[in-house]
Amino acid sequence: IIVQKGNPKNIRSLQDLARPGIKVGLGNPEGTAIGRVSQAILKQAHIAEAVQQNTKAGGTQALTVQEMANAVKLRHLDAAIVWNATAKLVSKDVEIIPIPNEYPVRTEVPMGILKFSKNPVAAERFLELALSQEGQKIFTDNGYTPALER
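Remember, predicted model here, so these are calculated numbers, not experimental data.

The rules we used
- Residues numbered from 1 in each chain as written.
- Predicted model: local features only at pLDDT ≥ 70, side-chain atom pairs only at ≥ 80, totals over all residues.
- Heavy atoms only, no water.
- Core = buried A, V, L, I, M, F, W, Y, C linked by side-chain atoms within 4.5 Å.
- Buried < 20%, exposed > 50% of the residue type's maximum accessible area, 1.4 Å probe, protein only.
- Helix = DSSP H or I, 4+ residues; strand = E, 2+ residues; numbered from the N terminus.
- Contact = heavy atoms within 4.5 Å.
- 1 Å grid on protein atoms, 1.4 Å probe; cavity = no way out; pocket = protein on both sides within 12 Å on 5 of 7 lines; lining within 4 Å.
- Points joined across faces, edges and corners; volume = space filled by probe spheres on them.
- Nonpolar A, V, L, I, M, F, W, Y, C, P; charged D, E, K, R; others polar.
- Axes fitted to C-alpha atoms, helices over the stretch in contact; angles between N-to-C directions.
- Parallel < 35°, antiparallel > 145°, perpendicular 65-115°, else oblique.
- Pairing = 2+ DSSP bridges.

Sorry if this is basic, but what is going on with the nonpolar core here?
One recurring pattern in soluble globular proteins is that nonpolar side chains are buried together. Ranked by size, the top nonpolar core spans 34 residues in total, and within it I1, I2, L14, L17, L42, V51 and I81 carry the most contacts. Broken down by secondary-structure element, the contributors of at least two residues to this core are β1 (2-4), β2 (24-27), α1 (33-44), α2 (48-56), α3 (65-73) and β4 (79-80). Element by element, the count of residues in this core is highest for α3, at five residues. Excluding residues within four positions of it along the chain, I81 makes contact with I1, L14, L17, G25, L26, I34, S38, L42, M68 and I99.

Would you mind showing me how to read the layout of surface pockets here?
It is a probe the size of a water molecule, rolled over the atoms, that shows where empty space is left. Each pocket or cavity is described by its volume, and for the largest pocket that value is around 1,400 Å³. R106, T107, E108, Y144 and T145 are the residues nearest the centre of the largest pocket, which is lined by 41 residues in total. Of all the secondary-structure elements, those providing two or more residues to the lining of the largest pocket are α1, α4 (84-89), α5 (120-131) and α6 (133-141). Residue composition of the lining of the largest pocket, by class: 29 nonpolar, seven polar and five charged.

I would appreciate a short explanation of the packing of α5 against α6 in the present structure.
For any two helices packed against each other, the geometry is given by the interaxial angle and the distance between the axes. The geometry of α5 relative to α6 is characterised by a closest axis approach of 4 Å and an angle of 75° between their N-to-C directions. Classed by the angle they form, the pair α5 and α6 counts as roughly perpendicular. Residues L129, A130 and L131 of α5 form the contact with α6, whose own contacting residues are Q133, E134, G135, Q136 and F139. Residue classes in the contact of α5 with α6 are distributed as four nonpolar, three polar and one charged.

Where do I start with the sheet that holds strand β5 (residues 94-96) in this structure?
Strand pairing in a sheet relies on backbone hydrogen bonds, with the paired strands running either antiparallel or parallel. Across the sheet, which stays open at both edges, the five strands sit in the order β3-β2-β4-β1-β5 with mixed pairing between neighbours. The open sheet terminates on both sides in strands that have one partner only, identified here as β3 (60-62) and β5. Bridge count between β1 and β5: three bridges; the pairing is antiparallel. In the sheet register, Q4 faces β5, and the bridge partner there is V94. Against the sheet, α2 touches β2 and β3, its axis set at about 105° to β2.

Okay, here's the thing in C-alpha cells:
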C-alpha cells in the first residue's frame, strides 16, 4: 500500500483502507493483474465491499499501476494498492505500508526466449543474467521477489 507523503490520513494497515472518507486507488480487476490481486487480498481480509465504496467515493479504479502511484504522489488519492516494485519506484514521494504476509497472494512474471526472437543470443544472455546471483540481487533491490525455475 502506498499513501501520501507524511501519511496525513494516518493509514497504518490494510483495514484502514475501509475507513469512510479514504480515497483509495485500485486496479480495475477486469483489466489489470494488480486489480485481480488486490480484490483477492481485500476478500481475504473481509473488507472488499467497504474498500470498493471508497473507490467510488473519490477514489478510482485505474487501468495502470503507475496511474495510481502518480495519483497518490499528486495527492489525488489517499492510498493505493500497487506492486512492491512500483512502490519502490515512487518511494521518495510516498510512504509505504506493507501488506501482512497473512494475505499470501503472489503473481508471477515468467521469463523465456521466444522462438521467433530477432536476437536470440542477446535474449539468452539477458535470461542468464536474470537467473544469476547478480541478476537476482538486481530484482530484489528493485522490489521484486525472484522465484527461480528453469
